[in-house]
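# A closer look at the structure
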Amino acid sequence: MASRVLSNQKRHDSPAWRQAMTVRLDYNAMMAATVGKPSGLAVQDLNGLAGKLAAAHRQIVERTGPGADFLGFLDLPYQDDTALDRIVATADRLAKLGDRHVVLGIGGSYLGARAVLDALGDPLHNERGRLARNGRPRLYFEGNNLDPDSMRALMDFLPAGRPAEAEAGFTVNVISKSGTTLETAVAFRILRQRLAQAYGDRYSERIVATTDARRGLLKEQADREGFETFVIPDDVGGRFSVLTPVGLLPAAIAGIDIKELVAGARSMAERCKSTDFLSNPAYLYAALQHLSEERGRNIWVMVAWGKALEGLAMWYDQLSAESLGKAGRGRIPLASVNTRDLHSRGQELQQGPRSVVVTNLCVDRYAPDHPMLWDAGDPDGLNYAAGKTMGQMLAGARQAVTFAYSRDQRPSMTLHLPELNAYTLGQVFYLFELATLVEGYMAGINPLDQPGVEDYKKFMFGLLGRTDMAQWKREFEKAPTTDPAFVL
Ligand code: PA5
């Protein structure tokens, strides 16, 4: 796969390179010294959280906090290479079987893989020939919505009979911990039937299921029909599962170095062992968000500077919303991409309500990009910026926006990825996962469950005809009928 990754493997092994790749959180623009009072925080405010942070830390290391059965994600940076080698071997097998690979999953069973591929994949991956893709298949995501249009387009595109050449063949990775999630299960039934149509009784070698070790319909089906399976550990919840086969298998299929992702997470896990909480990135981030929420900043915007980071912002959007939006509290997350959204949300973030806190995600060094050249006639009046690269312009825009926000006492912070590669991305995943846990514990909630998600499902399943949900259908039907007076 042609990728944006700058550094080669030899450099990965050097401690100096790893040090240079350390992700940094710049929170100057959260502090009163930069954004003034009362918007900004004082060091004393952060120090004042020492007790709460220490209590959260105790709950984490002793694994005694709410939802402690789901703290397995803390161990994932330390998983051994054997498990990772098996993922890579399966990815290589699938890559040989066909040139189109469909990943099915939703929520935590989708967004991590999406984030990795957005960040580290070639933006034009699917458009390139197989050679330019290093023999990796084209990738498609489905089962992440009930979307008739995208499913129809995919089905039109996939072969209905046995394809003439291996390259035209397709494979499927279905990811669902519960094995019963509607969106994924529906898409899987459709695709499995298509595989059976195309490959007869050899269809099952083209399917990999990532699911629970023991429970669920998908697990039963995999055992019955002989799909290769990967396990989502019992103690890892969906939105904390990016460093399991849930995120790692799709990444490996795209040819991304999953050991580097894990190594990056491990380096962050080591940094986050510090009990000097204000030099511990996850605890510090949690503290900044906690103080902001206490001060009424309950809208959180993560701004991805560059499209490559949009998936990461979306991943954190889900992690934060499903973990922290409980008991009448939490902060409303909003993922945004700049400079694109400077032409829409930018207005409101600069001058709208003061209930917002912005986290910028930025990359400090890009692979060489195209400088804008001098043009003798200066037809567009852009010669003042001749010689500047797109990366330099993006950085200039970010600095300008941060300054403009600060001047208007609007707090923000910036997470710097020295480069965009698997090692830096792995650090970010672990940082935000742990920060979310700490933040939840400081708020006194269980950040590891999602009881609210279940509510709508019973009505939906009832309406779709599931007999065990018939009582919810009846309840739905008792609701007042739509009054035409209120329909225009
Ligand atoms: O974070 C979560 O637990 C959820 O977002 C789940 O990942 C999502 O609902 C998909 O669930 P499943 O993997 O069971 O299909």
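Not measured: the values here are computed from a predicted model.

Quick look at the site of the ligand now. Around the ligand sit 13 residues in total, of which Ser109, Ser176, Ser178, Thr181 and Gln318 are the nearest. For the ligand, an oxygen atom lies 2.6 Å from a polar atom in the side chain of Ser176. The separation between an oxygen atom of the ligand and a polar side-chain atom of Gln318 is 2.6 Å. Taken by itself the ligand offers 380 Å² of open surface, and the protein chains cover 87% of this. The pocket occupied by the ligand, as judged from atoms lying within 2 Å of grid points, is the second largest pocket. For the shell around the ligand, the residue count by class is 1 nonpolar, 9 polar and 3 charged.

Read across the sheet, 5 strands follow the order β3-β2-β4-β5-β6 without closing on themselves; strand pairing throughout is parallel. The open sheet is flanked by β3 (138-142) and β6 (228-231), the only strands paired with a single partner. Along the sheet, successive strands turn relative to each other by an average axial angle of 20°, direction set aside. Here helix α9 (residues 182-199) sits on the sheet in contact with β2 (100-104), β4 (170-175) and β5 (207-211), set at roughly 155° to β4.

Quick look at the pairing of β3 now. Of all 5 residues making up β3, 4 are buried, and the element is well covered by its neighbours. One ladder, built from 5 bridges, connects β2 with β3; its direction is parallel. Among the inter-strand pairings, Val102 is bridged to a residue of β3, identified as Tyr140. The parallel pair β2 and β3, bridged by helix α7 (residues 111-120), forms a crossover whose chirality is right-handed.

Closest axis-to-axis distance for the helix α12 (residues 258-271)/helix α17 (residues 422-443) pair is 6 Å, and the angle between their directions is 50°. Here α17 runs oblique to α12, going by the angle between their axes. Regarding α12 and α17, the two cross each other, and that crossing is right-handed. In contact with Glu260, Leu261, Ala263, Gly264, Ala265, Ser267, Met268, Ala269 and Arg271 of α12, α17 contributes Ala422, Tyr423, Leu425, Gly426, Gln427, Phe429, Tyr430 and Leu431. Among the residues forming the contact of α12 with α17, the class breakdown is 11 nonpolar, 4 polar and 2 charged.

So, on to helix α10 (residues 217-225). Listing the buried residues of α10 in full gives Leu218, Lys219, Gln221, Ala222 and Glu225. Looking down the long axis of α10, one finds its buried residues gathered within 165° of arc, a one-sided arrangement. Across α10 from its buried face, at more than 90 degrees, point the exposed residues Leu217, Asp223 and Arg224. Here the buried face of α10 lies against β4, α9, β5 and β6.

This part covers the side chain of Asp212. On the secondary structure map, Asp212 appears in the loop between β5 and α10. The class of Asp212 is buried, set by a relative accessible area of 4%. Within the structure, the side chain of Asp212 is placed 2.8 Å from the backbone nitrogen of Arg214, a separation counted as a polar contact. Residues in contact with Asp212, not counting those within four places in the same chain, are Ser176, Lys177, Lys219, Ile232 and Asp234.

The subject of this paragraph is the side chain of Arg194. Residue placement: Arg194 occurs in helix α9. Within the buried set, Arg194 has no salt-bridge partner at all; the shortest N-O distance to an opposite charge, 6.2 Å, is to Asp156. Dropping the residues within four chain positions of it, Arg194 is found in contact with Met155, Leu158, Pro159, Ala160 and Phe170.

Once that is clear, we can look at the sheet that holds strand β10 (residues 412-419). Taken together, the 5 strands give an open sheet; going across it, the order is β1-β10-β9-β7-β8, and neighbouring strands pair in mixed fashion. Strand pairing shows two members of the sheet lacking a second neighbour, β1 (24-26) and β8 (332-338), which therefore form its edges. Sheet twist, expressed as the mean angle between neighbouring strand axes with direction ignored, is 20°. Packed onto the sheet, helix α14 (residues 310-324) meets β7 (299-305), β8 and β9 (356-365) and runs at close to 175° relative to β8.

This part takes up the nonpolar core. Nonpolar side chains tend toward joint burial in soluble globular proteins. Counting 94 residues, the largest nonpolar core has Trp315, Phe432 and Leu434 as the members making the most contacts within it. In terms of residues, this core owes the most to one element, α17, which gives 13 residues. Here this core spans two domains, since at least three of its residues come from each of domain 1 (15-67 + 262-443) and domain 2 (79-256).

So, about the packing of aromatic side chains. Counted according to the given criterion, the structure contains 13 aromatic pairs. Where Phe277 meets Tyr283, the ring centres are 4.9 Å apart and the plane angle is 20°; that geometry is what we call stacked. Accessibility classification places Phe277 together with Tyr283 in one group, the buried group. Aromatic rings pair up to connect Tyr285, Trp300, Tyr316 and Phe432 into one cluster. Here the basic side chain of Arg206 rests over the ring of Tyr199, its NZ or CZ set 3.6 Å away from the ring centre. The ring centre of Phe461 lies 4.4 Å from the NZ or CZ of Arg466, which sits over that ring.

Over the atoms rolls a probe the size of a water molecule, and its path tells where empty space is left. Space inside the second largest pocket adds up to approximately 890 Å³. What lines the second largest pocket is a set of 32 residues, among which Ser178, Thr181, Gln450, Glu454 and Lys457 lie closest to the centre. The set of elements that each furnish at least two residues to the lining of the second largest pocket consists of α9, α14 and α18 (453-464). Looking at which element gives the most residues to the lining of the second largest pocket, the answer is α18, with 7 residues. Here the residues of the lining of the second largest pocket sort into 11 nonpolar, 12 polar and 9 charged.

Parameters and conventions
- Residues numbered from 1 in each chain as written.
- Predicted model: local features only at pLDDT ≥ 70, side-chain atom pairs only at ≥ 80, totals over all residues.
- Heavy atoms only, no water.
- Near = heavy atom within 4 Å.
- Polar contact = N/O pair within 3.5 Å; in protein donor to acceptor, adjacent residues only side chain to side chain.
- Areas by Shrake-Rupley, 256 points an atom, 1.4 Å probe, with all protein chains shown as cover.
- 1 Å grid on protein atoms, 1.4 Å probe; cavity = no way out; pocket = protein on both sides within 12 Å on 5 of 7 lines; lining within 4 Å.
- Sits in = over half its atoms within 2 Å of the grid points.
- Nonpolar A, V, L, I, M, F, W, Y, C, P; charged D, E, K, R; others polar.
- Pairing = 2+ DSSP bridges.
- Helix = DSSP H or I, 4+ residues; strand = E, 2+ residues; numbered from the N terminus.
- Axes fitted to C-alpha atoms, helices over the stretch in contact; angles between N-to-C directions.
- Contact = heavy atoms within 4.5 Å.
- Buried < 20%, exposed > 50% of the residue type's maximum accessible area, 1.4 Å probe, protein only.
- Right-handed = clockwise from strand over helix to strand, strands pointing away.
- Parallel < 35°, antiparallel > 145°, perpendicular 65-115°, else oblique.
- Left-handed = near helix turned anticlockwise from the far one by under 90°.
- Arc of directions from axis to C-beta.
- Lys, Arg positive; Asp, Glu negative; His and termini not counted.
- Salt bridge = Lys/Arg side-chain N within 4 Å of Asp/Glu carboxyl O.
- Core = buried A, V, L, I, M, F, W, Y, C linked by side-chain atoms within 4.5 Å.
- Domains from an automatic or database assignment.
- Phe/Tyr/Trp six-rings, centres within 6.5 Å; stacked < 30°, edge-to-face > 60°.
- Lys NZ or Arg CZ within 6 Å of the ring centre and 35° of its normal.
- Points joined across faces, edges and corners; volume = space filled by probe spheres on them.

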